[in-house]
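# Notes for the structure review
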Amino acid sequence: MDFNTNTLMMIAAAVVFLILVAVILVVLKKKEKPVSKVVKQSGEQPESLRIKLAKTKSGFTAKLAEIIRIRGKVDEELLEQLEETLLQADIGVEASMDIIEKLREEIQINKLTDKDVVQKQLEDIIKNMLLKDYNDEKGFKIIAEKKPFIVLFVGVNGVGKTTSIGKLAGRFYDEGNKVLLIAADTFRAAAAEQLSIWAERTNSEIIKQQQGSDPSSVVYDGVMKAVNGKFDVVLIDTAGRQHTKVNLMNELSKIERTIKKIVPQGADETLLVIDATTGQNAISQAELFNKAANLSGIVLTKLDGTAKGGIVIGIKHHLHVPVKFIGVGESQQDLRDFDPREFTEAVFE
Ligand code: GDP
Ligand code: MG
């Protein structure tokens, strides 16, 4: 073998080796499970609820303590000021009156004059009200026998429906579920696009049609796909922007009927999404939707941006619909299960 043949053989060997390495890399890459961007994000420690709810703490619970401190004595004027603060925190008229009535009773029966004792009493009354109201609630769980587990999201424009669906899709995927998103907000093309981005991020599949198509028709396609494709969880995004309340409610009941055509028991959960920063407006929306749809729970979003966290108390006390999730920011970890104990600890302690 002369020098040239030797060199040629070495080059050939190097080329074969490089091709082999490339093939092995491609095979390994294909085998890799797709990792959602959401999963990568969730490596970070979620911020504590205490930090997320800091505005409610400073603007509501700390304010109650401040009023008691400044007044310096326990009298009727103090009770009035406290009631005013409860109302401002959107606890609602009924629940605020209830709280003050209980406090007045405690003060009279136990002849309370110490402001620290009164403050502790007030906090206990609010905490107990929240815990009692939620005592019989089981939170949110996907029931395995019911698969596909169908969750319908309703609520007016901008409250956080699509974002909440995206966050939940990521969580359900992480828990090992095959997730389908249905883009029944056909009002704007951007709405389906926004949901598509979430589907991609969370390894979920999505069913959508072009802008302006009948929401119920998208729902029909989606639920069929979920049943035939053995999906575990189906999350349905809706528009909530009809021109009249009547139209909006008609559309919702049509969607409900459509689901029932395929899955007779209908949606397993119907969650109303409301924006905590809108206070009383959120409560009146909840009242309206509660009349029109069979709500099973509430997703209360944007609690990170408001001191109106007391709304949690008002909703359950007034509407008898439990808050199941709270939104405390824009990333996936920021949609949390609502745990009344953890919530009261975060805003009081
Ligand atoms: P939809 O119209 O009901 O679908 O509302 P979107 O999901 O599009 O949300 C409207 C805006 O609210 C978006 O900018 C979201 O990022 C934001 N958003 C949703 N939930 C939260 C939350 O819990 N905290 C904060 N700070 N922003 C939120
Ligand atoms: Mg939306």
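Before reading further, recall that the structure is shown in the block above.
Values in this document were obtained by computation on a predicted structure and should not be read as measured data. All chains use their own residue numbering, which begins from 1 and follows the written sequence. As they are written, the chains are lettered A onward and the ligands numbered 1 onward, keeping that order. For this predicted model, a pLDDT threshold of at least 70 governs which residues receive local features, and a threshold of 80 or more governs which side-chain atom pairs are given and counted, while totals over whole chains, interfaces and linings are taken from all residues. Side-chain numbers here rest on the full set of heavy atoms in the structure, without hydrogens or water.

### A short note on the environment of A13
This is how the line gets drawn: Strands are runs of DSSP state E lasting at least two residues, helices are runs of H or I lasting at least four, and both sets are numbered from the N terminus onward. Burial classes follow relative accessibility: with a 1.4 Å probe on protein chains only, a residue under 20% of its type's maximum area counts as buried, one over 50% as exposed, and anything between as partly exposed.
Mapped onto the elements, A13 comes out in helix 1 (residues 3-31). The class for A13 is partly exposed, based on a relative accessible area of 46%. Between the C-alpha atoms of A13 and L122, which are 109 residues apart in sequence, the distance is 82 Å.

### A short note on the nonpolar core
In globular proteins that are soluble, nonpolar side chains generally tend to be buried together. Our working definition: In this text, buried Ala, Val, Leu, Ile, Met, Phe, Trp, Tyr and Cys residues form a nonpolar core when linked through side-chain atoms within 4.5 Å. Any two residues whose heavy atoms approach within 4.5 Å at even a single point are treated as in contact.
If you look at the biggest cluster of nonpolar residues, it comprises 72 residues, and the most contacted ones within it are I298 and L300. Excluding its chain neighbours within four sequence positions, the residues that come into contact with L300 are I274, A276, I311, V312, I315, V323, F325, I326 and G327. Grouped together as the second largest cluster of nonpolar side chains are 22 residues, L168, V233, V299 and L335 included.

### A short note on empty space enclosed by the protein
Operational definition: Definitions used for this entry: grid spacing 1 Å over protein atoms alone; cavity, a set of points where a 1.4 Å probe fits but cannot get out; pocket, an open set with protein on both sides within 12 Å along at least 5 of 7 lines; lining residue, one with an atom within 4 Å of a point. Grid points are joined across faces, edges and corners, and a volume is the space filled by probe spheres set on the points. Three residue categories are used. Nonpolar comprises Ala, Val, Leu, Ile, Met, Phe, Trp, Tyr, Cys and Pro, charged comprises Asp, Glu, Lys and Arg, and polar comprises the others, including Gly.
Per the stated rule, a full pass over the model turns up one cavity of 30 Å³ or more. Its volume calculated, the largest cavity comes out at about 50 Å³. Lining the largest cavity are T56, F60, I126, L130, G309, G310, I313, F343, T344, V347 and F348. Going through the elements one at a time, helix 4 (54-71), helix 7 (115-133) and helix 14 (340-348) are the ones with two or more residues in the lining of the largest cavity. The element contributing the most residues to the lining of the largest cavity is helix 14, with four residues. For the lining of the largest cavity, the per-class residue count stands at seven nonpolar, four polar and no charged.

### Comments concerning unusual backbone geometry
Cis rather than trans, the peptide bond between K147 and P148 has omega equal to 5°. Although it is not a glycine, N203 sits at a positive phi angle of roughly 55°. Tracing the chain through its elements places N203 in the loop between helix 9 (189-201) and strand 3 (205-207). Located in the positive-phi region is H320, a residue other than glycine, with phi close to 60°. Counting through the fold element by element, H320 comes out in the loop between helix 13 (311-319) and strand 7 (323-327). A relative accessible area of 61% places H320 in the exposed class.

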